[in-house]
Amino acid sequence: MRIGTLKESYVADAALFDSRTQKVWLCIGAALLVLFPFVATEYWLYMACLVAINVASATGLNILTGYTGLVSLGQAAFMGLGAYTVAVLETRWGTPFALNLIAGGVVAMLGGIIVGIPSLRVKGLYLAIATIAASFITHFLFGNLGFTGGTTGLSLQPASFFGMPLDTSFRLYWLIVPVTILMLLGAANIFRTRIGRAFIAIRDRDISAEVLGIPLLRYKLLSFGLSSFYAGVAGGLWAYFFRVVTPESFPLLMSIFFLAAIIVGGMGSILGGILGAVFMTMVPEVLKLVVAVLPGGTEMAVFLSPVRTVIFGLLIIGFLVFEPHGLAEIWRRIRRYFHLWPFRN
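Residues numbered from 1 in each chain as written. Predicted model: local features only at pLDDT ≥ 70, side-chain atom pairs only at ≥ 80, totals over all residues. Heavy atoms only, no water.

**Q** If you had to explain the overall build of the chain to someone new, which residues and values would you point to?
**A** Secondary structure summary: the chain contains 14 helices and four strands in total. For the chain, the proportion of contacts with a sequence separation of at least 24, taken over those separated by at least 6, is 77%. Total accessible area on the chain is roughly 18200 Å²; 72% of this is exposed by carbon and sulfur atoms. (Helix = DSSP H or I, 4+ residues; strand = E, 2+ residues; numbered from the N terminus. Contact = heavy atoms within 4.5 Å. Areas by Shrake-Rupley, 256 points an atom, 1.4 Å probe, with all protein chains shown as cover.)

**Q** Let's hear about the nonpolar core: which residues, and what values?
**A** Among soluble globular proteins, nonpolar side chains are generally buried collectively. Ile53, Met79, Leu175, Ile176, Val245 and Phe250 are the most contacted members of the largest nonpolar core, which totals 79 residues. The element contributing the most residues to this core is helix α3 (residues 42-67), with 15 residues. In this structure, Ile176 is in contact with Cys49, Ala52, Ile53, Leu237 and Phe241, ignoring residues within four places of it in sequence. Ranked by size, the runner-up nonpolar core spans eleven residues in total, among them Ala261, Met280, Phe312 and Leu327. (Core = buried A, V, L, I, M, F, W, Y, C linked by side-chain atoms within 4.5 Å. Buried < 20%, exposed > 50% of the residue type's maximum accessible area, 1.4 Å probe, protein only.)

**Q** Please provide a residue-by-residue account of the packing of aromatic side chains, values included.
**A** Pairs of aromatic rings are described using the distance from one ring centre to the other and the angle between the two planes. Taken as a whole, this structure holds 18 aromatic pairs when the rule is applied. Arranged with centres 6.4 Å apart and planes meeting at 55°, the rings of Phe97 and Phe161 form a pair that is tilted. Here Phe161 lies in strand β2 (residues 160-161) and Phe97 lies in helix α5 (residues 97-116), a separation of 64 residues in the sequence. According to the relative accessible area criterion, Phe97 is buried, its value standing at 15%. (Phe/Tyr/Trp six-rings, centres within 6.5 Å; stacked < 30°, edge-to-face > 60°.)

**Q** Please provide a residue-by-residue account of the packing of helix α8 (residues 194-204) against helix α10 (residues 216-242), values included.
**A** Between α8 and α10, the least distance of the axes is 10 Å, while the angle of their chain directions is 105°. Considering their axes alone, α8 and α10 lie roughly perpendicular with respect to each other. Seen from α8, the contacting residues are Arg194, Ile195, Ala198, Phe199 and Ile202; seen from α10, they are Leu216, Tyr219, Lys220, Leu222, Ser223 and Leu226. Grouping the amino acids of the contact of α8 with α10 by side-chain chemistry returns eight nonpolar, one polar and two charged. (Axes fitted to C-alpha atoms, helices over the stretch in contact; angles between N-to-C directions. Parallel < 35°, antiparallel > 145°, perpendicular 65-115°, else oblique. Nonpolar A, V, L, I, M, F, W, Y, C, P; charged D, E, K, R; others polar.)

**Q** So what's going on with the side chain of Ser72? Which residues, and what values?
**A** Mapped onto the elements of the fold, Ser72 is located in the loop between α3 and α4 (75-92). Within the structure, Ser72 has its side chain in polar contact with the backbone nitrogen of Gly74 (distance 3.2 Å). Once residues within four sequence positions are removed from consideration, Ser72 is found in contact with Leu61, Leu64, Thr65, Phe78 and Thr131. (Polar contact = N/O pair within 3.5 Å; in protein donor to acceptor, adjacent residues only side chain to side chain.)

**Q** Describe the pattern of salt bridges, with residues and values.
**A** Once the charged atoms of two side chains with opposite charge are near each other, the side chains can pair. Under the defined criterion, the tally for this structure stands at five salt bridges. For the salt bridge of Arg203 with Asp204, the shortest nitrogen-to-oxygen distance reads 3.2 Å. With a relative accessible area of 53%, Asp204 lands in the exposed category. Between Arg333 and Glu329 there is a salt bridge, with the nearest N and O atoms lying 3.5 Å from each other. Of the two residues, Arg333 and Glu329 both sit in helix α14 (residues 326-340), four residues apart, roughly one turn of that helix. Salt bridges sharing common partners tie together Glu329, Arg332, Arg333 and Arg336. (Salt bridge = Lys/Arg side-chain N within 4 Å of Asp/Glu carboxyl O.)

**Q** So what's going on with helix α6 (residues 125-144)? Which residues, and what values?
**A** Along its 20 residues, α6 runs 29 Å from first to last C-alpha, staying within 8% of the 28 Å computed at 1.5 Å per residue. Buried residues of α6: Leu127, Ala128, Thr131, Ile132, Ala134, Ser135, Thr138, Phe142 and Gly143, and no others. The arc that holds the buried residues of α6, viewed along the axis, is 155°, so those residues lie on one side. Those residues of α6 that are exposed and aimed more than 90 degrees away from the buried face are Tyr126, Phe136, Ile137, Phe140 and Asn144. Among the structural elements, α4, α5, α10 and α11 (252-265) are those in contact with the buried residues of α6. (Expected span 1.5 Å × (residues − 1). Arc of directions from axis to C-beta.)

**Q** A description of the side chain of Thr59 should follow, citing residues and the corresponding values.
**A** In this structure, Thr59 sits in helix α3. Setting aside residues up to four positions removed in sequence, Thr59 forms contacts with Leu184, Ala187, Tyr230 and Ile270.

**Q** Could you give me a rundown of the environment of Leu252, with the residues and numbers involved?
**A** By the element assignment, Leu252 lies in helix α11. Each residue touching Leu252, except ones within four places of it in the same chain, is listed here: Leu73, Ile132 and Ser135.

**Q** Give me the lowdown on a nonpolar patch on the surface, citing residues and values where you can.
**A** A grouping of Val310, Leu314, Ile317, Leu320, Val321 and Phe322 is seen on the molecular surface, where their side chains present a nonpolar patch of about 640 Å² in accessible area. Relative to the elements of secondary structure, Val321 occurs in helix α13 (residues 297-322). (Patch = residues over 30% accessible without salt bridge, like charges linked within 9 Å, V, L, I, M, F, W, Y side chains within 5 Å.)

**Q** Let's hear about unusual backbone geometry: which residues, and what values?
**A** With the exception of glycine, most residues fall at negative phi, and the peptide bonds are largely trans. Of note in this structure, Phe162 is not a glycine but carries a positive phi near 50°. You can see Phe162 is positioned in the loop between β2 and β3 (164-165). Of note in the backbone geometry, Arg243 takes a positive phi value of approximately 65° without being a glycine. Mapped onto the secondary structure, Arg243 falls in the loop between α10 and β4 (244-245).

Right, here's the structure in full:
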């Protein structure tokens, strides 16, 4: 049983994986991710890719809202900026997918920095309204600019890797999941640096952070930029996955989806973003499968669709009421329970 760790240096204290147990579980998880596409059906491969995209975007929003304390309802807009950037580059110039994804992230980052400028003067509900305005503005631009294809949008050719088209869920899995893992590692490393600690200080008390010498505007804009970069890359992956980008692909409801994901998963936690995105993506599908296996489920599916939505909403409300720290806190409690179980009275 692991009951504590002794750190003899600052490097050891800041290590991302500080125990042999963590490294073993990391290797097991990596092995499962490698084996999964060889045993999964097309449906589960499709869901795995979609979950990975949502995890990447939710992680970006968690950097902004969970760690920095800045509420945003514009995550879908930044995903749209990334998706349209990838679509335009792919359809007009046929540039490599790696360059397109980076460009999508950079364009979204610039949009996030512009949207984040009011964050020095307003916060909370007022900042959320400002980010909603960004969603409406980007939706208008996507539907009216000529190079975005207007209301019909843009259709993409599959991404290619050394001449091999990534045109199936199996092949896209090897693009989407590794990119998401790199983004998760990047986010985890951010909070081992002074930048991440500055974000947390701003979240806890921005006035005190400013007194301590943290330039609020610089770090708030940096947080918006990083969050939007993650959203832009996720949007680029989304574009390659669905291969059609339209203004209706990124509605305001999608931004609410990601905000609910980090609330349910646990704000201020990398694990919370992962668990929340998985929960928000998979629970509706699980409820759909449950309805399908019931007697007469196929015929009743249309009538039970509102019931699934109500159950899904009640689950989210239940987390807010009974566990406001989200699924990540539940997981931590389970770990503590089993660590202490042999020695409980």
